[in-house]
Amino acid sequence: MAVILNGTDSPYWDEAVQGLRHGKLVVFPTETVYGLGANALLPEAVGRIFLAKGRPADNPLIVHGAALDILIPLVSGFPECAAKLAERFWPGPLTIILKASPAVDKTVTGGLSTVALRIPSHPAALKILGDSGIPVAAPSANLSGKPSPTCLAHVVEDLEEKVDYIIDGGRCRIGLESTVVDLSGTVPVVLRPGGISREELEAVCGPVGMGGHRPDRFPKAPGMKYRHYAPDADLIVIESQEDTAGILAREAAKWMAKGKKVGALVYDETDCAADIVKKLGSKARPETAARRLFAYLREMDSRGVDIILVEGIPPEGIGLAIMNRLQKAAGKGRTR
Ligand code: TXA
Ligand code: MG
């Protein structure tokens, strides 16, 4: 049973810091989603992350640090492009992949020769990382395959029995995982879209490729091959088009006529008759939908919905990240 810390003033803070240093599992909030952390320098502790989540061993972890000097020893070189991106976007929702140094154990990288790095910006994340003074391997703090957790209740639901400490940091500001950019090849490639767009990256370091769109040509984040972010209910995404509202209404009516309990996630501008309707916010502010999405998917499951219909959004900016997670949750692009 985990000890729950209500923020950085908790009387258990020092115990959690020492625990993390010495191999305990500590869940901490970040600005994207909650992370399930272990000392990246202790392979046995890192191994416990995979057990707790039920995560396949070939899916590598992101290593988090409070500052560059913690992360630099983990890479065999820090190219100019990495330095520029770090300067512009860290602390923040960007993960950078570089060639790993011998200091990184293969439990962290899933056997790859590269390692993923991030300095998150949530104050509680920076404090636990800073106070422990170590690199911390941390995937999202959900059971493998489930939507990532964006508040304490989600973490408790999935992992309370399996971790040692959980730090409550409130609701995550962004709500979707970080943008992952691979800098280990000749051209930077986005492997997972997130809050920082390709255009923002290109403004700092020149042309950037998109991994997800050309699976035949570009490498992928190993984790992207698994079904992900998935609620128990079947999820159907209605891609943004002229008559989205009409299509949603007909789909909802069809499934309800078959006796299914239907949940709909739609934008404020759209009306939809379903058993449960949740509003994702205005289409003009997709960041709101990003922040709410994973919580709503979990809520639909807890309310026993059979089919979740989700209104799509144009795949631009954070909209691309939203559509990417929805397609994964619907099981598209799955190779196993
Ligand atoms: O926002 C986030 O990134 C959150 C917070 C906790 O930082 N973390 C997160 O971790 O989403 P995770 O493990 O759920 O997703 C990491 C993704 C996976 O798809 C994984 O395959 C990919 O990054 N990845 C990690 N290391 C990699 C590497 N060396 N090469 C390619 N992909 C890698
Ligand atoms: Mg994850």
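For the structure given in this document, a descriptive report is provided here. None of these values were measured; they are calculated from a predicted model.

1. Here we look at the environment of Pro135
Examined against the element boundaries, Pro135 turns out to sit in the loop between helix 6 (123-132) and strand 7 (136-137). According to the relative accessible area criterion, Pro135 is buried, its value standing at 6%. Taking the C-alpha atoms as reference, Pro135 lies 25 Å from Gly145; in sequence the two are 10 residues apart. When residues no more than four places from it in sequence are discounted, the contact partners of Pro135 are Ala38, Asn39, Ala40, Leu41, Val63, His64, Ile70 and Leu74.

2. So, unusual backbone geometry
Glycine aside, a negative phi is what most residues show, and trans is what most peptide bonds show. The linkage connecting Trp90 with the following residue, Pro91, adopts the cis geometry, with an omega of -5°. Mapped onto the secondary structure, Pro91 falls in the loop between helix 4 (80-89) and strand 5 (94-99).

3. Some remarks on the sheet that holds strand 5
Taken together, the 11 strands give an open sheet; going across it, the order is 1-8-2-3-7-4-6-5-9-10-11, and neighbouring strands pair in mixed fashion. Unpaired on one side and paired on the other, strand 1 (3-5) and strand 11 (209-210) mark the two borders of the sheet. With 3 bridges joining them, strand 4 (residues 62-64) and strand 6 (residues 114-118) adopt parallel strand pairing. Each residue of the ladder has a partner; that of His64, found in strand 6, is Arg118.

Criteria and cut-off values
Residues numbered from 1 in each chain as written. Chains lettered and ligands numbered in written order. Predicted model: local features only at pLDDT ≥ 70, side-chain atom pairs only at ≥ 80, totals over all residues. Heavy atoms only, no water. Helix = DSSP H or I, 4+ residues; strand = E, 2+ residues; numbered from the N terminus. Buried < 20%, exposed > 50% of the residue type's maximum accessible area, 1.4 Å probe, protein only. Contact = heavy atoms within 4.5 Å. Pairing = 2+ DSSP bridges.

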